[in-house]
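Fold and contact review
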Amino acid sequence: MISRNEVSISKLLPTSLRAAIIACSFWVLSLPMTVVSGSVAAFCGSLLICYTIDLRLDREFFSKLRTLSIIGLSICLWATGLLLSNFFVNTEIISFSASPLIAFNLSEAIKWLALSSSLTLILRTLAQRTSYGATIEIIFVAAAFVITLAAHRNGMIHRPFLIGDFAIIRGIDPSSILMVLGCAAVISLSALLMVEKNHKRLPYHFSILGILCLSLFVYVNFFGIPTPQSTDTMGLTGEASDNTNSQRDNPFRDGENENSDREAPVAVVVFRDDYEPINGSYYFRESAYSQFNGTMLDYSNIDGMDADLIKKFTIDRTEAEQNPLAEDQHKAIKTTVGMLVPHRNPFGLESPIAYENIANPNNVRFKRTYDAYSLAPQYSFEYLLEREVGNEEWSEEILTEYLRLPDDDRYRSLADELIGNLKPEFTNDPFAKTWAIKAYLDENGIYSLKNEHAYESDPAASFLFGDLTGYCMHFSFAATYLFRSLGIPSRVGIGYSVPAANRAGGSALLVQAIHGHAWPEVYFKDIGWVIIDPAPQQTLVDMTTDPQDSLQQLLGDMLRNDSSFQDFLESQRTSFIQFGTILNIIYALVITLILIGYVVKTYRLLIPNFSLANERYRVSYRAILDRLACIGIRRRFGESREKFASRASKTVPSIIELTDSHLSCALGNISKWKNYETNWQEFERRIQQEITSNTNIWHRVVGLINPFSWLLTK
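1. A few points about the overall build of the protein
The helix and strand tally for the protein stands at 24 helices and 16 strands. Counting only residues that meet the buried cut, the protein has 50% of its 714 residues in that class. For the protein, the proportion of contacts with a sequence separation of at least 24, taken over those separated by at least 6, is 75%. Counting only carbon and sulfur atoms, one obtains 57% of the accessible surface of the protein, whose full area is about 34400 Å².

Pasting the structure below:
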């Protein structure tokens, strides 16, 4: 009779292999979602449950429980862990007695320990008791790696830092390492399949995995890495539309605002010329709201209006119809923009006068790349004093449109009140008037993402004459209406505003979702559109982000490497299928399959050392047949084991005795089990000696090199 300890020891190798794979899946899955304590707990919880279930599932306690009962217990375990986790972070006693940081780490550890333990319990129970459970387990392992690759912390490709830091200091794109992890997941799946009893199905499984691998590589090469979606309340991102003058949805989406994905990068800008902004921030204009549609400001659809805007992407170069004036007060700046997510329109440093499409240096990382040419302002605000507003070339219709606003007398009344305290010499100065309005909004406005103004007929009025609590859209619309009420032509520009300090002395600048912004613009005669942006001194939300210098530098280096990719665009036009890429994929697949072949071959030769006594006769006989297959001695289709042994005895005489012992055990001769158990290693040693003595060395070398010789074993 086989002891329980013997059974447990014999199952230790496959159990450890499976436990390591599933636990690593939880570890990888948790990396972008929690701190180190949570990841460690996820790994340990999964590992513990795998060992417990695989080695003790036949115990009476487990065998009496139904599958649904175990699933129910798992859910209760997860819910209990979640409650405990919340208790640790919401109870002041624990924070005071230890520290808030310890309480948080302990909370994350409990939460992920419960999650990994409960989910692993469900997966292993289904795998043990149902025919489809193993498939679900394999899908989970694959999904863990895919989710990590696709989401990657809202596009922060340098996270988790464990991977990002290693890659960045070596000049490697961290996504490449994640792709390697994806390949490791495939090998992990293969290892899971290896512990199946029906090894004849292995070639079929490997073929399916190969097809899946090929599909993944083809998808990534043609369509790029999946891009996380980020909250965009101003409609900057998304697919480009041919109809650039179509009416936009309500830009006031107060109920949808949230800043959980605020760090998500949307673009990187490389400065080809040095430039420091005049007001502490780099403004990148994408579009503008300028035409009043009866309810609020919208895109213009009047010819000649917003002629300075470039409203669509082109395959070559496109220029603005109207450029800023006072060229001596502007500096020509060239920047290269690499978009990490699709945008509806191109954007460029204030004020863009031309865009030129360029070859994409990294078509997997960047969705679109182009050069932007701008005339950036370098005048002081004092230069704007005593300047007239408007453009003599505008038609009466265009001027009227730049002055239209809601039919609400409160705008003019408030504007008159705000400019009433100006010094006499500035009473009629347009710039002084706009600055007085800006100062009022700075001092009295409160920045907040959560409010209900969007549901009013005029959100700007609800904000301005209400609680003065809102975000950039409310401030810019309110300021523009106040400007217009005083006869000052103005509009709302939209795009990105990035603090100048973010450049950190380099030439690359990372643009993140949080930098999406709207601001008022006033047209000054002989100068052009000038940004006069309110900056509320009070805020109810933290809109700061951690510095992303390493990511900024990495993406900038990628974007600068355009000289090595001059032929990229031409290759894209001449052939949709990149044969070089296909060859690389094939090479990678071949190498992967060879490695899998060697792993399976080694596994089949070593497994007799760890098998149950009642299984050892089978796996050890198979291992010796694998050794014979390496030198070309294989059992033919329909050939009996005895006849094969007789034929093979010319090279390995001991095969006859081995076959006899094997058949005796296979046919139920229990008395020979113990004898076979003690002698099988001797059989293997004798057969190896006979193979060495009776075969050519080249046959043995070829057999050793061949990773798939075991496939022909019958």
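Additional details are given in the paragraphs that follow.
2. Some points on the packing of helix α14 (residues 430-444) against helix α16 (residues 472-485)
The N-to-C vectors of α14 and α16 enclose an angle of 145°; their axes lie 10 Å apart at closest approach. Viewed along their axes, α14 and α16 form a crossing whose handedness is right-handed. Contacts between α14 and α16 pair Thr-434, Ile-437 and Leu-441 from the former with Phe-475, Ala-479, Leu-482 and Phe-483 from the latter. By residue class, the composition of the contact of α14 with α16 is six nonpolar, one polar and no charged.

3. Here's the deal with the side chain of Thr-336
Here Thr-336 shows up in strand β6 (residues 330-339). For Thr-336, a relative accessible area of 0% corresponds to the buried category. Side-chain polar atoms of Thr-336 contact the side chain of Arg-272, separated by 2.9 Å. Excluding residues within four positions of it along the chain, Thr-336 makes contact with Val-268, Val-269, Val-270, Arg-272, Ile-358, Tyr-370, Asp-371 and Leu-559.

4. So, a nonpolar patch on the surface
Judged by side-chain polarity, Ile-586, Tyr-587, Val-590, Leu-593, Ile-594, Phe-708, Leu-711 and Leu-712 come together as a nonpolar surface patch covering roughly 650 Å² of accessible area. By secondary structure assignment, the location of Phe-708 is in the segment after α24 (697-705). A relative accessible area of 32% means that Phe-708 is categorised as partly exposed.

5. Here we look at the side chain of Asp-533
Residue placement: Asp-533 occurs in the loop between β15 (528-531) and β16 (538-539). Buried charged residue Asp-533 carries no salt bridge. Nearest counter-charge: Lys-438, at 6.7 Å. Separated by 2.7 Å, the side chains of Asp-533 and Tyr-283 make a polar contact.

6. What about the pattern of salt bridges?
Tallied over the full model, the rule gives 17 salt bridges. Arg-317 is paired through a salt bridge with Glu-319; the nearest N and O atoms lie 3.1 Å apart. Ionic pairing is found between Asp-442 and Lys-438, a salt bridge with its closest N-O pair at 3.0 Å. Placement of both Asp-442 and Lys-438 in helix α14 is noted, with a separation of four residues, approximately one turn of the helix. For Lys-438, a relative accessible area of 11% puts it in the buried group.

7. Let's talk about the pairing of β15
Pairing geometry for strand β14 (residues 516-524) and β15, over four bridges, is antiparallel. Directly across from Tyr-523, in β15, lies its bridge partner Trp-529. If you look at the hairpin formed by β14 and β15, you'll find three residues sitting between the two strands, and Asp-526 has a positive phi there, around 65°.

8. Brief notes about the nonpolar core
Of all hydrophobic cores here, the largest spans 75 residues; its most connected members are Phe-284, Phe-347, Leu-464 and Phe-477. For this core, the element with the most residues is α16, which contributes nine residues. With residues near it in sequence (within four places) discarded, Phe-347 still touches Ala-267, Val-269, Phe-284, Arg-285, Glu-286, Val-337, Met-339, Tyr-355, Tyr-370, Ala-372 and Tyr-496. Within the second largest apolar cluster, 15 residues are counted, among which are Leu-625, Leu-628, Val-652 and Ile-691.

9. Some details on the environment of Arg-344
With respect to the element layout, Arg-344 can be found in the loop between β6 and β7 (348-349). The exposure class of Arg-344 is partly exposed, given its relative accessible area of 32%.

10. What about the sheet that holds strand β10 (residues 446-447)?
Pairing in this open sheet of three strands is parallel, and the strands run β11-β10-β16 from one edge to the other. Whereas interior strands pair on both sides, the edge strands pair on one side only; in this sheet they are β11 (469-470) and β16. Where β10 and β16 come together, two bridges link them in parallel fashion. Pairing of Tyr-447 across the sheet is with Thr-539, part of β16.

Rules behind the numbers
Residues numbered from 1 in each chain as written. Predicted model: local features only at pLDDT ≥ 70, side-chain atom pairs only at ≥ 80, totals over all residues. Heavy atoms only, no water. Helix = DSSP H or I, 4+ residues; strand = E, 2+ residues; numbered from the N terminus. Buried < 20%, exposed > 50% of the residue type's maximum accessible area, 1.4 Å probe, protein only. Contact = heavy atoms within 4.5 Å. Areas by Shrake-Rupley, 256 points an atom, 1.4 Å probe, with all protein chains shown as cover. Axes fitted to C-alpha atoms, helices over the stretch in contact; angles between N-to-C directions. Left-handed = near helix turned anticlockwise from the far one by under 90°. Nonpolar A, V, L, I, M, F, W, Y, C, P; charged D, E, K, R; others polar. Polar contact = N/O pair within 3.5 Å; in protein donor to acceptor, adjacent residues only side chain to side chain. Patch = residues over 30% accessible without salt bridge, like charges linked within 9 Å, V, L, I, M, F, W, Y side chains within 5 Å. Salt bridge = Lys/Arg side-chain N within 4 Å of Asp/Glu carboxyl O. Lys, Arg positive; Asp, Glu negative; His and termini not counted. Pairing = 2+ DSSP bridges. Core = buried A, V, L, I, M, F, W, Y, C linked by side-chain atoms within 4.5 Å.

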